[in-house]
Amino acid sequence: MSEPQRAPEPPSGETPDPSPGATASGRGLARRRRRRWLRGTGIGLASVLVLAAGAGWLVYRKLEGNITPDQAATAELERFEKERPTSLVKDARNILLIGSDSRSGEENRRYGRDTGTERSDTAILLHLAAGRRSATAVSVPRDLMVQVPACLRRDGTRAAPVFAMFNYAFEVGGSACTIRTVEKLTNVRVDHHVVVDFHGFKEMVDAVDGVEVCLRRPIDDKDARLRLPAGRVTLNGEQALGFVRARKSLGDGSDTERMERQQRFLGALVSKVRSNDVLLNPVKLYPVLDAATSSLTTDPELASLRGLYELVRGVRDIPTERVQFLTVPREPYVRDVNRDQLAQPAAAELFERLRTDAPLAVASGDGRTDSDGKGTEKVSAEPSGTTSPAPTFSGNTAAEDACT
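All values derive from a computational prediction rather than experimental measurement.

Undergrad: Describe helix H9 (residues 346-356), listing the residues and the values that go with them.
TA: Three or more residues of H9 are buried, namely Ala-346, Ala-347, Leu-350, Phe-351, Arg-353 and Leu-354. Seen end-on, H9 carries its buried residues on one side only, within an arc spanning 160°.

Undergrad: Describe the packing of aromatic side chains, with residues and values.
TA: Under the counting rule described, the total for this entry stands at 3 aromatic pairs. Look at Phe-163 and Tyr-333: their rings are 6.0 Å apart centre to centre, the planes differ by 55°, and that puts the pair in the tilted class. A residue pair is termed long-range when its members are at least 10 positions apart, and Phe-163 in strand S6 (residues 162-165) and Tyr-333 in strand S14 (residues 330-333) qualify at 170 residues. When its relative accessible area of 14% is taken as the criterion, Tyr-333 is described as buried. Within the aromatic cluster, the residues linked to one another by ring pairs are Phe-201, Phe-243 and Phe-265. One residue, Arg-180, lies across the ring of Phe-80, its end atom 3.6 Å from the ring centre. Positioned above the aromatic ring of Phe-243 is the side chain of Arg-261, whose terminal nitrogen or guanidinium carbon lies 5.7 Å from the ring centre.

Undergrad: Please provide a residue-by-residue account of empty space enclosed by the protein, values included.
TA: Under the counting rule described, the total for this entry stands at 2 cavities of 30 Å³ or more. Taken as a whole, the largest cavity encloses approximately 60 Å³ of empty space. Lining the largest cavity are 12 residues, with Asp-121, Thr-122, Ala-123, Val-140 and Arg-258 positioned closest to its centre. Elements that contribute at least two residues to the lining of the largest cavity include exactly strand S3 (120-128) and helix H6 (255-275). Ranked by the residues each element gives to the lining of the largest cavity, the list is headed by S3, at 4 residues. For the lining of the largest cavity, the residue count by class is 5 nonpolar, 4 polar and 3 charged. Of the pockets and cavities examined, the second largest cavity occupies roughly 30 Å³. Forming the boundary of the second largest cavity are Leu-125, Val-138, Val-140, Thr-186, Val-328, Phe-351 and Leu-354. Counted by class, the lining of the second largest cavity contains 6 nonpolar, 1 polar and no charged residues.

Undergrad: Could you give an account of unusual backbone geometry, naming the residues involved and the relevant values?
TA: The residue after Gln-344, namely Pro-345, is reached through a cis peptide bond having omega 10°. Tracing the backbone shows Pro-345 in the loop between strand S15 (336-342) and H9. One non-glycine residue, Asp-209, lies in positive phi territory at about 65°. Here Asp-209 shows up in the loop between helix H4 (198-207) and strand S8 (211-215).

Undergrad: How would you summarise the state of the cysteines if you had to cite specific residues and measurements?
TA: Using the criterion set out here, one finds 1 disulfide in the structure. A sulfur-sulfur distance of 2.1 Å marks the disulfide that ties Cys-151 to Cys-177. An S-S torsion of about 80° defines the bridge between Cys-151 and Cys-177 as right-handed. On the criterion of sequence distance, the pair formed by Cys-151 in the loop between strand S5 (145-148) and S6 and Cys-177 in helix H3 (residues 168-186) is long-range, its members being 26 residues apart. What makes Cys-151 buried here is its relative accessible area of 1%.

Undergrad: Hey, could you go over the environment of Arg-180 for me, with residue numbers and the actual values?
TA: As for its position among the elements, Arg-180 is in helix H3. Note: C-alpha distance between Arg-180 and Val-148 (32 residues apart in sequence) is 8.0 Å. Not counting chain neighbours up to four residues away, the residues in contact with Arg-180 comprise Glu-76, Leu-77, Phe-80, Glu-83, Pro-149, Ala-150, Cys-151 and Arg-158. Reaching out from Arg-180, the side chain makes a polar contact with the backbone oxygen of Ala-150 at a distance of 2.7 Å.

Undergrad: Kindly report on the packing of helix H2 (residues 71-79) against H3, identifying the contributing residues and their values.
TA: Relative orientation of the contacting elements H2 and H3 amounts to 40°, with a least axis distance of 8 Å. Comparing the axis directions of H2 and H3 gives the class oblique. For H2 against H3, the interelement crossing comes out right-handed. Mapping the contact onto sequence places Ala-73, Glu-76 and Leu-77 in H2 and Ser-175, Ala-176, Ile-179 and Arg-180 in H3. When its residues are assigned to classes, the contact of H2 with H3 shows 4 nonpolar, 1 polar and 2 charged.

Undergrad: So what's going on with the nonpolar core? Which residues, and what values?
TA: By size, the foremost hydrophobic cluster in this structure holds 35 residues, and its most contacted members are Leu-96, Leu-125, Leu-144, Phe-166, Leu-342, Leu-350 and Leu-354. At the level of elements, H2, strand S2 (93-100), S3, S5, H3 and H9 are the ones that each hand at least two residues to this core. Ranked by residues supplied to this core, first place goes to H3 with 8 residues. Contact partners of Leu-96, with chain neighbours within four places excluded, come to Ile-124, Leu-125, Thr-178, Ile-179, Val-182, Val-190, His-192, His-193 and Val-194. If you look at the next biggest cluster of nonpolar residues, it comprises 26 residues, including Leu-228, Ala-240, Phe-243 and Phe-265.

Calculation notes
- Residues numbered from 1 in each chain as written.
- Predicted model: local features only at pLDDT ≥ 70, side-chain atom pairs only at ≥ 80, totals over all residues.
- Heavy atoms only, no water.
- Buried < 20%, exposed > 50% of the residue type's maximum accessible area, 1.4 Å probe, protein only.
- Helix = DSSP H or I, 4+ residues; strand = E, 2+ residues; numbered from the N terminus.
- Arc of directions from axis to C-beta.
- Phe/Tyr/Trp six-rings, centres within 6.5 Å; stacked < 30°, edge-to-face > 60°.
- Lys NZ or Arg CZ within 6 Å of the ring centre and 35° of its normal.
- 1 Å grid on protein atoms, 1.4 Å probe; cavity = no way out; pocket = protein on both sides within 12 Å on 5 of 7 lines; lining within 4 Å.
- Points joined across faces, edges and corners; volume = space filled by probe spheres on them.
- Nonpolar A, V, L, I, M, F, W, Y, C, P; charged D, E, K, R; others polar.
- Disulfide = S-S within 2.5 Å.
- Contact = heavy atoms within 4.5 Å.
- Polar contact = N/O pair within 3.5 Å; in protein donor to acceptor, adjacent residues only side chain to side chain.
- Axes fitted to C-alpha atoms, helices over the stretch in contact; angles between N-to-C directions.
- Parallel < 35°, antiparallel > 145°, perpendicular 65-115°, else oblique.
- Left-handed = near helix turned anticlockwise from the far one by under 90°.
- Core = buried A, V, L, I, M, F, W, Y, C linked by side-chain atoms within 4.5 Å.

Next comes the structure, spelled out in structure tokens:
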């Protein structure tokens, strides 16, 4: 019997080329292992991407679910659409920010008895200029005497028009009544509104690891729950809430001083968010977004992350020196010095510039003031040849350091 034929020996020094029927050794084994590794890695990467996408979706839904859409206000405003001012500049936006003093809910109940009513502890009309070249936040004093229109109460009845303090509008008819009151007062169209309560404010401050302020003297205030040294102090959420809400025991006890304190705090908050690159760091951004949305009630258009993103994406590039804070020009009300009324013609000039998106500037303590020191307006020094100089109102910017 002849011997079985053998495969020819490869030339000396060469390695045999393995075939599909090669034994589990050499290059064949290496290739199969490599293919299995690639398949396993591909499946692993796909799994990670799916899980990441799922986690991202859950995060998105959680944040979006935090926001409460204010459908009732939308319906009420639509009812009076023909009475509302028109927007004159397409890309400019006016947002009414309302701080509610509601005591409802476990967290808010700590600050007083829940009587079933709430007032606007703070109201700020935020004007975002077209092209987002600037942002101007105008505080409306809660003691300002205004015409409050006939508003729908929470029980479904309608209140009669009344001349009253500004914060009465929120108490009687919520955000819709406040918006209508602001629009009648200023002739400025309110495009969006945001209502935040005590708890939401505190969470926001804590999410950015506190906000630094400068105190000219120590504070020991039981009512405001504050005990702080003079100088630079970083306030946590609870301390910040007491700091911006205190009225009778800090400063001169006036609402004017309280609003100025609020404006400077907001400026410091803006600077903190900008300096820490929070908007560009997902790890830092998530807790801020979670806190910022946890106690928000907004118009339906803003009641989504997409809506909020569309609103603020251009704001992040506004230089801090162009983020301005001021208060509506006002003077003591003729029938009660403890109340305010608009100071004319400064107030009319301010409202017209907001409505037409015209430039304005702010300066600390340089404006014309009345006997009570409540700032109104002055004309800024512009180069000769400027036909219409921008007026300068008493206020401050987010770039200012309160300690200097």
